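Examining the three-dimensional arrangement
Here's the letter readout for the chains.
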Amino acid sequence: MDQITFHQDTVLSDVHMLLPNAHHLMTRLNHVGQPVFISKFKILSDAERHDVNDPGKSLLEEEKYDDPREDWEKDPNATQEKVDEGNVEPCLDEDGDLDIAHRPRKYPTEGSDRDLVCPIILKHSNPLPEQEEHNTNDEADKCFKDIIRIEHTMATPLEDVGKQVWRGALLLADFILSKMVMFRGATVLELGAGTGLTSIIMATIAKTVYCTDVGEDLLSMCKRNVTLNRHMTEPAGGDVRVRQLDWLQHGLCTDTDVEFSWTEEEVADMYNNTSFIIAADVCYDDDLTDGLFRTLYQLCSNFTQTCMIFISIEKRMNFTLQHMDVSCEAYNHFSHCMSQLQGLVDGRCSFRVEQLPSNFTQFLVYERIEQLSCLPSMMSLPRQTYRHHWTAARPYCLAALELKALCLHHRPDENK
């Protein structure tokens, strides 16, 4: 097995297609036989963030390239003289083929800080060598407190997309790092945490992070990632607790015989102290989206304090034969559920949705195109102060995707 095999139902995140300084070595096989890779994500320094947010700087090298067409425009005769100067021997490579000098490309090349991902599949490793490799890497990364190491899979079926890292998680992580004062010392609940990257980032600022998802294999991977990044969370005093939370089930699992179950103390702490709920790119299936909003309502109905909810959404545009046009059905369904939640007034809780600015700093390296830079916001209010505040979705464009973050403001109903 020397390459990833794609099937009809295979999904691959763009993050894994082009990742800075990626070392995609397969570390192990998970419980269902999927290759598990490990990638490093660097939180950029002030100088590096300036470079990322200054796209013109990356073009300097290209501008310095000596373009023959420019010489021709300046002096056609001089250019012709260069051509006629004797019989110049053509430059050949070692195979005797003509070696042509190419204009520098904007795409990643050897030596650049953005390398094309070339997964290398290793043979099955024994537990001992695997542990030694992890220890070695841990020692190396301890010298760099800004390096996040994430185990993940690549090219999974749709039901396992939580095992990959998605651009929505990186956008939400940027937002968290740009709002440190807001999240400092808070209790935070993440829904659909996947690999746990966003929870790990949050734990460098917040006091307690409940990192939740469903599936033993996925939660085990998430727990491993939390352990791999203790060098970031422990100095900050953040506590990440990986727990099971199934949107399609009612209530929290408190069975002590079940791994990743909740303790009674944790349930009480979560309901009494949660100030923020976060979720990154979790709305891609209508049934799961319905489950998400039911879960949000059930949670907020039992909270004892105001809660703000931030959701990043990747708007994927697809051409469908049903509509014979470009559409985004998953996003449309999300918007419909949002309007239903906002219009819900039952004496228990109510929600307000508002737009958030998207001009925050980029702390992680990924492609944040113009269509990704829009952030919306959500909160729950007492019924008597509730008002409609949701701005309509923008008209569709033919971009590949559109990423939005949504903040819901929640406050328990005082008449409850």
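Residues numbered from 1 in each chain as written. Predicted model: local features only at pLDDT ≥ 70, side-chain atom pairs only at ≥ 80, totals over all residues. Heavy atoms only, no water.

1. A look at the pattern of salt bridges
Across all of its chains, the model carries 10 salt bridges by this definition. Residues Arg-167 and Glu-367 are paired through a salt bridge, measuring 3.8 Å at the closest nitrogen-oxygen approach. Here Arg-167, found in helix α6 (residues 167-178), pairs with Glu-367, found in the loop between β15 (349-356) and β16 (375-381); they are 200 residues apart in sequence, far enough to count as distant. In this structure Glu-367 comes out as partly exposed when scored by relative accessible area, which is 46%. For Glu-266, the salt bridge is made with Arg-243, and the minimal N-O distance between the two is 2.7 Å. One end of the pair, Glu-266, is in helix α11 (residues 264-273); the other, Arg-243, is in strand β10 (residues 239-244), and 23 residues separate them in sequence. (Salt bridge = Lys/Arg side-chain N within 4 Å of Asp/Glu carboxyl O. Helix = DSSP H or I, 4+ residues; strand = E, 2+ residues; numbered from the N terminus. Buried < 20%, exposed > 50% of the residue type's maximum accessible area, 1.4 Å probe, protein only.)

2. With respect to the sheet that holds strand β3 (residues 25-29)
In sheet architecture, strand pairing relies on hydrogen bonds along the backbone and comes in two forms, parallel and antiparallel. The strand order across the open sheet built from 3 strands is β3-β4-β6, with neighbouring strands paired in antiparallel fashion. Only two strands of the sheet have a single neighbouring strand rather than two, namely β3 and β6 (147-152). Each adjacent strand pair in this sheet contributes to an overall mean axis angle of 35°, direction not counted. Strand direction decides the pairing type here: strand β4 (residues 35-42) and β6, joined by 6 bridges, are antiparallel. Among the inter-strand pairings, Lys-40 is bridged to a residue of β6, identified as Arg-149. Of the strands in this sheet, β3, β4 and β6 are in contact with helix α9 (residues 216-228), which crosses β6 at around 160°. (Pairing = 2+ DSSP bridges. Axes fitted to C-alpha atoms, helices over the stretch in contact; angles between N-to-C directions. Contact = heavy atoms within 4.5 Å.)

3. Some points on α9
With 13 residues, α9 extends 18 Å from end C-alpha to end C-alpha; this agrees with the ideal 18 Å at 1.5 Å per step. For α9, every residue scored as buried is listed here: Asp-217, Leu-218, Leu-219, Ser-220, Met-221, Cys-222, Asn-225, Val-226 and Leu-228. (Expected span 1.5 Å × (residues − 1).)

4. Description of unusual backbone geometry
Of note, the phi angle at Ala-155 is positive, near 55°, even though the residue is not glycine. By the element assignment, Ala-155 lies in the loop between β6 and β7 (156-157).

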